[in-house]
Amino acid sequence: MTDTTGISDQQLSELTDLVKRVHGFDFSDYSKGSLKRRLSRIIMLKKVSMQELMRLLLAEPQFFQWFLEEITVNVTEMFRDPAFYKALNTQVIPYLSSFEHIRVWSAGCSSGEEVYSLSILFNQAGLSDRSFIYGTDIHTEMLNEARGGVYSLRKIKSYEENYTQSELTGSLKDHFTMMHDAGGIRTNLRQNTLFSAHNLLTDNVFNQFQLISCRNVFIYFESNLQEKILKLFYNSLSPMGFLCLGTKETIRFPEMKNKFRVVNSKVNIYQKIGD
């Protein structure tokens with residue numbers, strides 16, 4: 001594929017080295033193509049050159065926070081990929097219902113839509129009292145938005161079709177306290193959630209989970225980083241726990257393939273089978 005960004009590998013290397021040295025974030029294992037496209041967008045938005053961009057990253061800490069949010073992926077919506085939630089409801093929830101306590105990790109949760117989707121799913125299955133969902137991300141501003149649990153009416157309306165296709169009962173609005181132009185996730189769906197900062201690139205295991213969901217994040221990483229994160233997830237799962245990846249993601253490393261069985265190959269749900 002032709003690189004149309006105009007950003008050379010040398011420029012990319014210089015920028016990632018600067019970010020690592022000054023801000024402690026290592027983007028060297030991110031997909032080069034994805035990084036270049038996002039950098040190109042930032043350059044266009046700010047109307048700066050690569051050299052000016054690096055100067056801003058070096059001199060202005062507040063600019064880096066904005067840069068970090070733009071460079072990493074924050075695309076999310078409630079009940080994204082309805083087929084995934086249907087499979088979760090029919091193939092995973094019945095198994096999890098036999099557990100006394102169910103711990104769930106939504107990694108790379110952005111502004112919280114997946115966490116609350118999972119909370120609604122567990123609530124409808126009658127498992128709210130036994131489940132707890134941790135949402136993690138590296139963005140503090142995204143996490144603050146997630147904790148608030150308030151979404152615009154426009155967004156809620158756009159998520160309604162996903163909800164319907166997930167074949168859950170009622171309407172998505174049933175799970176919100178509606179205001180004039182927004183809706184807040186109902187208290188009973190928020191009380192079993194916790195949002196906290198976690199960096200998949202550098203942080204370690206922090207619990208043992210029955211379900212881990214990290215969807216549409218792997219595709220932005222190079223293969224060595226994907227394998228590193230898969231090992232983190234494996235070590236964070238309880239025996240026979242479930243791992244959920246995005247529709248374009250898969251476990252393709254021989255060593256890791258042998259440690260999971262495929263539950264659903266279409267929506268990429270796996271189950272840990274050994275230690």
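A short tour of the structure in this document, coming up. (Residues numbered from 1 in each chain as written. Predicted model: local features only at pLDDT ≥ 70, side-chain atom pairs only at ≥ 80, totals over all residues. Heavy atoms only, no water.)

1. Topic: the pairing of strand β10 (residues 269–272)
Alright, step 1. Of the two faces of β10, the one holding I269 and Q271 and the one holding Y270 and K272 are both buried throughout.
Alright, step 2. Bridge count between strand β8 (residues 237–245) and β10: 3 bridges; the pairing is antiparallel. Paired with C244 across the bridge in β10 is I269.
Alright, step 3. Bridging between strand β9 (residues 260–264) and β10 involves 4 bridges; their strand directions are antiparallel. When the bridges of β10 are listed, F260 appears paired with K272.
Alright, step 4. Counting the residues between successive antiparallel strands, the hairpin from β9 to β10 contains 4 residues, one of them, N268, with a positive phi of roughly 60°. (Buried < 20%, exposed > 50% of the residue type's maximum accessible area, 1.4 Å probe, protein only. Helix = DSSP H or I, 4+ residues; strand = E, 2+ residues; numbered from the N terminus. Pairing = 2+ DSSP bridges.)

2. Describing the sheet that holds strand β1 (residues 102–107)
Within a sheet, adjacent strands bond to each other through the backbone by hydrogen bonds, running parallel or antiparallel.
Alright, step 1. One open sheet holds the 7 strands; their spatial order is β6-β2-β1-β7-β8-β10-β9, and the pairing between them is mixed. Two strands in the sheet have a free side with no partner beyond their single neighbour: β6 (193–197) and β9. Direction aside, neighbouring strands of the sheet carry axes that sit 20° apart on average.
Alright, step 2. Across the face of the sheet, helix α5 (residues 82–96) comes into contact with β1, β7 (209–214), β8, β9 and β10 while running at roughly 175° to β8. (Axes fitted to C-alpha atoms, helices over the stretch in contact; angles between N-to-C directions. Contact = heavy atoms within 4.5 Å.)

3. Let's talk about the nonpolar core
Alright, step 1. One finds L53, F67 and F233 to be the most contacted residues of the largest nonpolar core, which totals 48 residues.
Alright, step 2. Of all elements in the fold, only α1 (9–23), α2 (32–46), α3 (50–59), α4 (61–71), β1, β7, α10 (223–236) and β8 reach the threshold of two or more residues within this core.
Alright, step 3. Per-element accounting of this core gives the leading share, 6 residues, to α10.
Alright, step 4. Grouped together as the second largest cluster of nonpolar side chains are 38 residues, V115, I133, L189 and I269 included. (Core = buried A, V, L, I, M, F, W, Y, C linked by side-chain atoms within 4.5 Å.)

4. Points about the packing of α2 against α4
Alright, step 1. Two elements in contact, α2 and α4, have axes separated by 10 Å at closest approach and are oriented at 130°. Classified by the angle between their axes, α2 and α4 sit oblique to one another. In terms of crossing hand, the pair formed by α2 and α4 is right-handed. Contacts between α2 and α4 involve L35, R38, L39, R41, I42, L45 and K46 on the former and, on the latter, F63, W66, F67, E70 and I71.
Alright, step 2. Considered class by class, the residues forming the contact of α2 with α4 number 8 nonpolar, no polar and 4 charged. (Parallel < 35°, antiparallel > 145°, perpendicular 65-115°, else oblique. Left-handed = near helix turned anticlockwise from the far one by under 90°. Nonpolar A, V, L, I, M, F, W, Y, C, P; charged D, E, K, R; others polar.)

5. Digging into the packing of aromatic side chains
Alright, step 1. For the structure on display, the rule yields 15 aromatic pairs.
Alright, step 2. Centroid distance W105 to F209: 5.5 Å. Interplanar angle 35°. Geometry classified as tilted. Separated by 104 residues along the polypeptide, W105 in strand β1 and F209 in strand β7 bring together distant segments of the chain.
Alright, step 3. Through a chain of ring-to-ring contacts, the aromatic side chains of W105, F132, Y134, F209 and F233 assemble into a single cluster.
Alright, step 4. For the cation-ring pair, K46 lies above W66, with the distance from its terminal atom to the ring centre recorded as 4.5 Å. (Phe/Tyr/Trp six-rings, centres within 6.5 Å; stacked < 30°, edge-to-face > 60°. Lys NZ or Arg CZ within 6 Å of the ring centre and 35° of its normal.)

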